[in-house]
Amino acid sequence: MTSAPFPDDWQRALVVAAHPDDIEYGPAAAVAVWTAAGKEVHYLLATRGEAGIAGLTPAEAGPLREDEERRSAAVVGVTEVEFLDHRDGVLVADLPLRRDLAGAVRRHRPDLVVTMHGGDTWTAPEVTPGALNSPDHRALTRSVLDAVADAANEWIFPELTEEPWSGVRYVAVHAVGYPPPHVVDVAVGVEAAVASLTEHRRYLQALSDDPVEEQARRQVDMSTLTEDGGREVGFRLFWG
C-alpha cells in the first residue's frame, strides 16, 4: 500500500485525546505543521490525567498536568484547550462520554476531527505477545467516531444546548504501523513537537531518570521517523 497525502481542504480542526501528553506522543508534529500553515487547531481532553503520576495524588496531579498540557499546546500554536473532566483511567465508551464529545464538536464546529489510535494493541494484531493499548484510549476513540455523527443529529442528545454541527469533513485517527494510509510530512514540525512534549516535564520525570529533553526527542523520533529517514505522521481517514 502506498500512503496518500493528508487532505488540505479544511480550516479548523479539533484534536481529541484521553489524557494530557497523548497528543504530544503522536500527532503534535502534524499540529505544528498545520498551525504554521494558518490552520486553526483546538484541543479537547477527556480527562486531566490525574491518575498518571505515581506518588502524586489525583488532587495534585490533575492541575499540574492540565497546566503542562496548556503550555505544551501553546508551543505548537494551539491556544484553546478544553477539558471534559471525566475520570482518568476509567473512561467507558458509554452515552455520557458520547454526549459530552458531541457537545464539544458542536461548540468547536471543526471541519476536521483528529483522535488517537484506539486499537487493542500498539503492535500489529499478528504480533504476540502484543503491547496492550490503554483502555482509556480504546474507549475514547470509539466514542469520538460515534460522537461526530451524534453532533450532527438534532434528535440525539436533544438536551444539548449547542446547535447541531454537520460540518465535519473528515475524522482522522492516528495510525500505528507502516505504511499508514494518509501522511503529513512533518519535517518542519519535529523540533516544535519535541519542545511540546518537553513541557510535560513533571510527568516525564516520573517515568524515567533520563533527561526530559532526551525522552521527548526519543518519543518524537519513534512516532515520526520513517524507514527512509523522512519525517511523517500517519492517519486513517473516515468521512465526517
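Structure: above.
The following refers to the structure shown. (Residues numbered from 1 in each chain as written. Predicted model: local features only at pLDDT ≥ 70, side-chain atom pairs only at ≥ 80, totals over all residues. Heavy atoms only, no water.)

So, about the sheet that holds strand β7 (residues 182–185). In any sheet, the strands associate via hydrogen bonds between backbone groups, in a parallel or an antiparallel arrangement. As summarised here, the arrangement of the eight strands in space is β1-β7-β8-β6-β5-β2-β3-β4, forming an open sheet in which the pairing is mixed. Of all strands in the sheet, those with a lone pairing partner are β1 (4–5) and β4 (80–83), marking the two edges. Alignment of strand β5 (residues 112–115) against strand β6 (residues 170–174), held across four bridges, turns out to be parallel. The residue bridging T115 from the neighbouring strand is V173, located in β6. Against the sheet, helix α3 (residues 58–75) makes contact with β3 (40–45) and β4, and its axis sits at roughly 155° relative to β4, the strand it touches most. (Pairing = 2+ DSSP bridges. Helix = DSSP H or I, 4+ residues; strand = E, 2+ residues; numbered from the N terminus. Contact = heavy atoms within 4.5 Å. Axes fitted to C-alpha atoms, helices over the stretch in contact; angles between N-to-C directions.)

Now for the nonpolar core. F6, W34, Y43, L112 and F235 are the most contacted members of the largest nonpolar core, which totals 43 residues. Top contributing element to this core by residue count: helix α2 (residues 28–36), with seven residues. Counting 24 residues, the second largest nonpolar core, distinct from the first, contains A46, V144, L160 and V168. (Core = buried A, V, L, I, M, F, W, Y, C linked by side-chain atoms within 4.5 Å. Buried < 20%, exposed > 50% of the residue type's maximum accessible area, 1.4 Å probe, protein only.)

Inspection of every chain in the model, using the stated rule, returns 19 salt bridges. As a salt-bridge pair, R138 and D120 come within 3.9 Å of each other at their nearest N and O atoms. Here R138 is found in helix α5 (residues 135–152), whereas its partner D120 is found in the loop between β5 and α5, with 18 residues between them in sequence. According to the relative accessible area criterion, R138 is partly exposed, its value standing at 30%. You can call D120 exposed: its relative accessible area is 57%. A salt bridge links R217 to E191, with the nearest nitrogen and oxygen atoms 2.8 Å apart. Taken together, the residues R217 in helix α8 (residues 212–224) and E191 in helix α6 (residues 190–198) connect sequence positions 26 residues apart. According to the relative accessible area criterion, R217 is partly exposed, its value standing at 34%. On the basis of relative accessibility, which here comes to 49%, the residue E191 falls in the partly exposed class. Through salt bridges with shared partners, a single ionic network connects R48, E66, R70 and D85. (Salt bridge = Lys/Arg side-chain N within 4 Å of Asp/Glu carboxyl O.)

Further remarks concern unusual backbone geometry. In this chain, T128 is followed by P129 through a cis amide linkage whose omega measures -5°. Among the secondary structure elements, P129 is positioned in the loop between β5 and α5. A positive phi angle, close to 75°, is found at D85, a residue other than glycine. Positionally, D85 belongs in the loop between β4 and α4 (95–108). Positioned with a positive phi, F157 is a non-glycine residue whose angle comes to about 55°. Here F157 is to be found in the loop between α5 and β6. Look at F157 and you get buried, because its relative accessible area is 9%.

One can find E82 in strand β4. Overall, E82 belongs to the buried group, its relative accessible area being 18%. Within polar-contact distance, the side chain of E82 engages the side chain of R107 at 2.5 Å. Looking at E82, its side chain comes within polar contact range of the side chain of H108, at 2.7 Å. Every residue in contact with E82, bar those within four places of it in the chain, is listed here: Y43, L44, L45, A104, R107 and H108. (Polar contact = N/O pair within 3.5 Å; in protein donor to acceptor, adjacent residues only side chain to side chain.)

Before going further, it helps to examine the pairing of β4. In the sheet, β3 pairs with β4 via four bridges, with the strands oriented parallel. Bridge pairing links L45 to F83 in β4. For the crossover that starts at β3, traverses α3 and ends in the parallel β4, the hand is right-handed. (Right-handed = clockwise from strand over helix to strand, strands pointing away.)

Evaluation of the coordinates by the stated rule reveals five aromatic pairs. Between the aromatic rings of F6 and W34, the centroid separation amounts to 5.4 Å while the plane-to-plane angle is 40°, which identifies the pairing as tilted. Taken together, the residues span a long stretch of sequence, with F6 in the loop between β1 and β2 (12–17) and W34 in helix α2 at a distance of 28 residues. As far as the burial class goes, F6 and W34 line up, both buried. Ring plane angle 85° and centroid distance 5.1 Å describe the contact between W10 and W34, whose orientation is recorded as edge-to-face. (Phe/Tyr/Trp six-rings, centres within 6.5 Å; stacked < 30°, edge-to-face > 60°.)

Keep in mind these values describe shape, not function.
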